[in-house]
Amino acid sequence: MSAAVPGSGIFNKRTQVENKRKQAEVEAQVAEADIPETSTKTGLDLVVAWSVVGTFIILASTVIYMMEAILMPVTLAIVIGMVLGLAADRLAQFGLPPVLGGLILAIIFVVGLFFLINALIEPLTSLAGQAPGILERAIERFLPYIQRFEWVKTAIAGTDEKAVTDVAIQNAGAMLGFFASGVTPAFIQTLIFLAALGLFLVGRAHLRKTIILAFATRDRRLAAIRIMNATENAVGFYFSTASIIYVVLGTVTAAIAFVGGLAVAPLWGLFAFVSSFIPYLGVTAMTIALLCAGLMTHDALLLALAPAAAFFILHLVMENLVTPAILGHRLEINPFLIFLAIIFWTWMWGAVGAMLALPLSLIAMTIFNEVRTQPPERQLPG
């Protein structure tokens, strides 16, 4: 049995107290030391950041504008391919493979587009041949009404009406030649569109898989699946619902043209259906066309104006009452943002850009909402 060392307990206690005192001094020195402040962004940093963003937007807009001949048909093919791909997925429930279903729907779409173009060739060719005569009669019909305004009288004072008509007729051929010069680029863009649409539908499943596997973590892959499903559903719902609404609009327009005594009433209904997908520009062109057709058909001014007025009122009701009531509960986009998008894409790509403005806005807003709103728990997208 070992004997205890006298005073060893007291020595140990003193050592512990001394260690605690030294530790307290060190902690106090650390606490009193200057803590580096977290650097905050200054106004100059924000200016630099926004300058980078603005430069990127300008460069991206320049690229989009300069590459219109390629980007426009490819973008249109992707949007149409999303709708047809979603329809192919619905057909897969009946045992039809999605790739085969997508190709069948693409063939149906292309055949329908071919018949549409074929139906438009004859009346447009006839219209082009009659353009000088139509323009002359339109000037003769409109000039008496226009001359009622004093400022118009002042503007055309001393001008020979026959000379004005001759100049307009002489320039009609140049105008038609200007429009005809765009036929070859349009044909090439159509081929690009058809090729991109077919390849997109064939490789759609592989493309989705590639995009999903590009993300490293499981959460990001699930988010990618959720975003792609949400964008396809939003675009598909818009086009399917809008198509039904515009079919009704085209049918009523055909009835208006028939009652109004216009020739080839079903063709007017087809024009109304196609033009309705082009915001603002479509209804404007359709109203002007109906107005010209009415003036060429009827001598009475009220009868001539009736088809155009009826269509404009019908389109106004459909776009401002029926369409928001059906689409508004699912597709909530600020009307001002839609208007800006239409102006931007119309400036970029013309009528096709105006038609793509709303679908592209839907895709952007859907991605933004999906990224901003995180799911409460990890779950597979439904």
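Bear in mind the structure is a predicted one, so any value in this text is a computation, not a measurement.

As a further point, take the overall build of the protein. Broken down by element type, the protein carries 13 helices and zero strands. Along its sequence from the N terminus, the protein presents helices and strands in the succession α-α-α-α-α-α-α-α-α-α-α-α-α. Buried positions account for 29% of the 382 residues belonging to the protein. In the protein, once contacts between residues fewer than 6 apart in sequence are set aside, the share between residues at least 24 apart is 73%. Summed over all atoms, the accessible surface of the protein reaches about 24900 Å², with 72% contributed by carbon and sulfur.

So, on to the side chain of Arg-208. Structurally, Arg-208 can be placed in helix 8 (residues 204-213). A polar atom in the side chain of Arg-208 sits 3.0 Å from the side chain of Asn-229. Apart from residues no more than four positions distant in its own chain, Arg-208 is found in contact with Met-228, Asn-229 and Glu-232.

The terminal C-alpha atoms of helix 9 (residues 218-259), which comprises 42 residues, lie 61 Å apart, in line with the 62 Å expected from a rise of 1.5 Å per residue. You can read the cap of helix 9 off the contacts: a side-chain oxygen lies 3.4 Å from the backbone nitrogen of Arg-220, and it is on Thr-217. Phi turns positive one or two residues past the end of helix 9, at Gly-261, with a value near 80°.

This part takes up the nonpolar core. Judged by nonpolar contacts, the single largest core of 41 residues is most densely connected at Leu-84, Leu-197, Tyr-238, Trp-345 and Trp-349. Elements represented by at least two residues in this core include exactly helix 3 (68-91), helix 4 (98-146), helix 7 (183-202), helix 9, helix 12 (301-327) and helix 13 (335-372). The biggest single contributor to this core is helix 13, with 11 residues. Not counting chain neighbours up to four residues away, the residues in contact with Leu-197 comprise Ala-77, Ile-80, Gly-81, Leu-84 and Phe-109. Ranked by size, the runner-up nonpolar core spans 11 residues in total, among them Trp-268, Ala-272, Ala-293 and Phe-311.

Moving on to the environment of Leu-71. Within the secondary structure, Leu-71 is located in helix 3. The exposure class of Leu-71 is partly exposed, given its relative accessible area of 26%. In this structure Leu-71 touches Val-63, Ile-64 and Trp-349, once residues within four positions along its chain are discounted.

Here the focus is the side chain of Thr-75. Structurally, Thr-75 is set in helix 3. A relative accessible area of 17% places Thr-75 in the buried class.

The next point concerns the packing of aromatic side chains. Going through the model one piece at a time under the given rule, you end up with 11 aromatic pairs. For the ring pair Trp-345 and Trp-349, a centre distance of 5.0 Å and an interplane angle of 50° mean the geometry is tilted. One end of the pair is Trp-345 and the other is Trp-349, both in helix 13 and four residues apart, which spans about a single turn. According to the relative accessible area criterion, Trp-345 is buried, its value standing at 15%. The class for Trp-349 is buried, based on a relative accessible area of 5%. Ring pairing ties together the aromatic residues Tyr-65, Phe-344, Trp-345, Trp-347 and Trp-349, which thus form one cluster.

Tracing the backbone through its elements, the reader meets Glu-319 in helix 12. For Glu-319, a relative accessible area of 25% translates into the label partly exposed. Note: C-alpha distance between Glu-319 and Ser-276 (43 residues apart in sequence) is 9.3 Å. The residues touching Glu-319, leaving out its near neighbours within four places in the chain, are Tyr-246 and Pro-324.

Conventions used here
Residues numbered from 1 in each chain as written. Predicted model: local features only at pLDDT ≥ 70, side-chain atom pairs only at ≥ 80, totals over all residues. Heavy atoms only, no water. Helix = DSSP H or I, 4+ residues; strand = E, 2+ residues; numbered from the N terminus. Buried < 20%, exposed > 50% of the residue type's maximum accessible area, 1.4 Å probe, protein only. Contact = heavy atoms within 4.5 Å. Areas by Shrake-Rupley, 256 points an atom, 1.4 Å probe, with all protein chains shown as cover. Polar contact = N/O pair within 3.5 Å; in protein donor to acceptor, adjacent residues only side chain to side chain. Expected span 1.5 Å × (residues − 1). Core = buried A, V, L, I, M, F, W, Y, C linked by side-chain atoms within 4.5 Å. Phe/Tyr/Trp six-rings, centres within 6.5 Å; stacked < 30°, edge-to-face > 60°.

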